[in-house]
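Fold and contact review
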Amino acid sequence: MASSTLIQKPEVLAPAGNLHKLQVAVRYGADAVYMAGPQFGLRQGADNLTHTELEQAVRFCHSHGAKAYVVLNGFLFQKELQALPDFVQFLSELRVDAVIASDLGVVSTVLEHSSIPVHISTQASVFNAQHTAFWAEMGAKRVILARETSISDAAKIKEISGLEVELFVHGSMCMAFSGRCTISNFTAGRDSNRGGCEHSCRLPYQLNDSADAHTYFSSKDLNGLSLVPELVGHGIDSLKIEGRMKSALYVASTVLAYQSACKSALANGTFEDPHFLLDGFSHRPYTAKPLLGLLDADTAHFQEQGREPTRFALAGHVLEQAGDRVLCQAKVALHADSRVEALGFAGDIIPLDWDGVTDVLGRPVQKVQPNQMFTVRQSQLQALMVLRLSDATRV
Amino acid sequence: MQPVFSLEEPQLIPVLSDYLNQNPGELLLGWDKTSILGRLSDADVLALLAEYGPRCILLWDAVENQSGLDRVNLLEPLCRAGLTRVRAADPGVLRCLVQHYPQLELEADLRVGNHNRDGLARWKAQFPQLKRMALGVEWPLDEVASLTELAIDLEYPALGPILIFHSPRPLIQTHLESQESYWEGQVQADEKHHALTVIENQRGTHLLYNKWLFLLDQLEAMKQAGVAFMGLSLFGISEPQRLLHAIRNEHADWAALRKSLGHPTTRGFSKSNRTDKQFKHLNPRRRKQEAMGLVLDTKSGIYMVLECRDRVREGQILHFQIPEGDWLEAPITRLRLWTGEPVDQVQGGCFLACHVPRVSAGSLVFSEAPDGNVPGPDSDPAV
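Predicted, not measured: the structure shown is a model, and the values here were computed from it.

Rules behind the numbers
- Residues numbered from 1 in each chain as written.
- Chains lettered and ligands numbered in written order.
- Predicted model: local features only at pLDDT ≥ 70, side-chain atom pairs only at ≥ 80, totals over all residues.
- Heavy atoms only, no water.
- pLDDT = per-residue confidence, 0-100.
- Contact = heavy atoms within 4.5 Å.
- Pairing = 2+ DSSP bridges.
- Helix = DSSP H or I, 4+ residues; strand = E, 2+ residues; numbered from the N terminus.
- Domains from an automatic or database assignment.
- Buried area = accessible area lost by both parts, 1.4 Å probe.
- Salt bridge = Lys/Arg side-chain N within 4 Å of Asp/Glu carboxyl O.
- Polar contact = N/O pair within 3.5 Å; in protein donor to acceptor, adjacent residues only side chain to side chain.
- Nonpolar A, V, L, I, M, F, W, Y, C, P; charged D, E, K, R; others polar.
- Buried < 20%, exposed > 50% of the residue type's maximum accessible area, 1.4 Å probe, protein only.
- Expected span 1.5 Å × (residues − 1).
- Arc of directions from axis to C-beta.

What to know about the confidence of the model for chain B
- Here chain B averages 90 in pLDDT, and 93% of its residues register 70 or above.
- The low-confidence segment residues 372-383 of chain B (pLDDT under 50) makes 28 contacts with residues lying over four places distant or belonging to another chain.

In structure tokens form, the structure reads like this:
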């Protein structure tokens, strides 16, 4: 590990599937967020951001001291590349902090038309220092290493190449090398490397003549929280959280957990386990093995193992604040007996006081429906806080 | 067009030997040390190099981790045995080869994720040593034609299995209490899906598409596109001799031959690649491109809560696209802050107004009618 005098806190990089989730990520402490515009990304099913929203997003990030990265990580055809310079120019004017790309044609175009730093996407399957040097010669600033890369290999790659390195530390994982899987292309006619992944690897498959079907190719979710001291000690520059399609509760909880773990690791070298945050939302069984270089069958998630029990569900959001009154939107049905709590920006828990709940016309209510707006008189609540519901009291 | 035979299995050596002894063609050696699906041993590779010398190309299509790059040292005896060319997919491997064996001729395996001319031009600029680019089936042939300006030999796959999934993890045999160095079987998701060949070997677990690529009846189109080399694999072909005979004669009954392969066949994306066609169905909400806001909540006939980016005035005509796709226009009346205070205008954010019939939560709000500047119901979303 690097000498303690040289150790810096790694960036905690959060997914931003839309403007709201971006703002949530930043308010809960993300050092940087990654998002997609209307084109060129890999999550055609996500809301993604319009040009106007991108502008708002970058402004919001910078006003809160966070960095804004825009993904351009699809593999493009020549005709699609023609539209890219204008978008790059737009991103340059917004002063985005980096773009994330994997296609050589895209990287070349970005470097030719702007001075925006380029981070090489995990789609490029960068797995060794020589490959990293290839991108360094191209002018890249950072590589997001293949999801199969161990922490120790990442440190070596950084040392040899001199480039910043970023590792996925949390979330859903591809079982195949990212960027080299084309199941969707052929079986569903949807290009997985341009945003149409059908997640065929998650299906149960019958093997030969067996009557039973198992999810042989479905990966467990990555959870590198307990390895944060190693990640910090090895000088990994950025810890990436997967999940632009996931909920604001997921974003808030993961950012809090990884920031807490990083600060704890830096402060005294000890590790305070904020795992309780990472069990607060639905997920597959966790594994940290890829970060240790252990790529075996145990990293697969057999469907009969089920998903891990969740302690909380997303209950809603705090949208706006006026004095001690806040406007909230429910995401699920809530009633007076529901145990709803706000996740504070510092990880503190603020129970919702149902006595102050009214509809938007100011009338006290005993229950609210999914998507219904309601107001609460509770001064600790702030706009963009996430409300969660104890699963035990779910309607 | 020159055939390039991908040789993954040692049992095909005698089959191909007969052909190669009498016809032009090259051999792509699937060495078990460097190739994803290759099963050729050291002895096989050395023997083939001895027999065919410069007609051999060593395939290194595996993506390597840091220690995997050390395999570059394993090539020394092969170079002494006459290896002159290597084809690699990982740019890190190519760089290693340039440094360790500057005398080797290099080829780029660009089967996945490389389908624009600018990217290929950059490959060439980064590796001036490259003699050939082996393209993937995601390239429509009419677009391949535009690559002639790169002034590099192009190879296009014409026959063989299509690798669609490649994981470095051994995922199957552990459940079978089996430990074979090479294991092959079939997996099937359900009755709607076709069975796929699954292979587990020293490089992990791999899936092959149920249809084999067959473009032997498209050789003229490949030539027209400027392709100089056709990639052929006899892997899994039931009557390889018959196939080789047909290739030798170039004007075979391709339809009959295709039926005799032992697999259903596909032309891949050689005609066209429209794998983004379904994207508009994945996320209809992308039409909010120019929307100024969203309806968050409604109480029929009483109120609606809107969240808007821009200023809204009492009496202003707004346009709504409801979730069903229809467009409505209506004035904003009884404008209030969400705290209930009546106002003449709001500067964006959340606010209340009198409910507009048919408008429901999730409706998009526009300041202008759906003309050319605003996406309408039939407009194609930006892709």
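Let's talk about the sheet that holds strand β18 (residues 317-321) of chain B
All names here are of chain B.
- Spatially, seven strands are ordered β19-β18-β23-β15-β16-β22-β20 in an open sheet, and the strand pairing comes out antiparallel. Looking at the sheet topology across the chains shown, the edges are occupied by β19 (327-331) and β20 (336-337).
- With five bridges connecting them, strand β16 (residues 303-308) and strand β22 (residues 349-353) associate as antiparallel partners. In the sheet register, Met-304 faces β22, and the bridge partner there is Ala-353.

So, the domain arrangement of chain B
Residue and element names in this part refer to chain B.
- In terms of domain boundaries, chain B breaks down into domain 1 (2-162 + 211-266), domain 2 (163-209) and domain 3 (283-366).
- Centre-to-centre separation of domain 1 and domain 2, based on C-alpha positions: 23 Å.
- Counting from both sides, the interface comprises 18 residues of domain 1 and, opposite them, 14 residues of domain 2.
- Interface of domain 1 and domain 2: buried area, both sides summed, is about 1,400 Å²; carbon and sulfur atoms make up 57% of it.
- Of all residues in domain 1, the largest losses of buried area upon contact with domain 2 belong to Ile-36, Leu-37 and Ile-162, amounting jointly to 44% of the total for that side.
- Linking domain 1 with domain 2 are one salt bridge.
- The salt bridge involving Glu-64 is made with Arg-203; its shortest N-O contact spans 2.8 Å.
- At the surface where domain 1 touches domain 2, the tally comes to seven residue pairs in polar contact (both at pLDDT 80 or more).
- Across the side of domain 1 that touches domain 2, the residue classes tally to eight nonpolar, four polar and six charged.

Concerning the domain arrangement of chain A
Residue and element names in this part refer to chain A.
- On domain assignment, one finds that chain A holds domain 1 (4-305) and domain 2 (312-393).
- Spacing between the C-alpha centres of domain 1 and domain 2 amounts to 31 Å.
- On the side of domain 2, 14 residues touch domain 1, which itself brings 15 residues to the contact.
- When domain 1 packs against domain 2, the two sides together hide about 1,200 Å² of surface, and 70% of this comes from carbon and sulfur.
- Summed over the three residues of domain 1 that lose the most area to domain 2, namely Arg-27, Tyr-28 and Leu-249, the buried surface amounts to 47% of that side.
- Linking domain 1 with domain 2 are zero salt bridges, by the criterion used here.
- One can count four residue pairs in polar contact (both at pLDDT 80 or more) joining domain 1 with domain 2.
- For the side of domain 1 that touches domain 2, the secondary-structure elements that each account for two or more residues are α1 (19-27) and α10 (248-268).
- It is α10 that provides the largest number of residues to the side of domain 1 that touches domain 2, a total of five residues.

Let's talk about unusual backbone geometry
- A positive phi angle, near 85°, is found at A:Leu384, a position not held by glycine.
- One non-glycine residue, B:Glu177, lies in positive phi territory at about 50°.
- You can see B:Glu177 is positioned in the loop between β8 (163-167) and β9 (183-188).
- Since its relative accessible area comes to 79%, B:Glu177 is described here as exposed.

Describing helix α2 (residues 51-63) of chain A
All names here are of chain A.
- The end-to-end C-alpha distance of α2, which contains 13 residues, comes to 18 Å, matching closely the 18 Å that a straight helix rising 1.5 Å per residue would cover.
- Those residues of α2 not exposed but buried are Glu-53, Leu-54, Ala-57, Val-58, Phe-60 and Cys-61. In an axial view of α2, the angular spread of the buried residues amounts to 160°, which keeps them on one side of the axis. The outward face of α2, more than 90 degrees from its buried face, is lined by the exposed residues Arg-59 and Ser-63.
- The inward-facing, buried residues of α2 contact α1, β2 (32-36), β3 (67-72) and α4 (84-94).
- Two residues or fewer after α2 comes Gly-65, characterised by a positive phi angle close to 75°.

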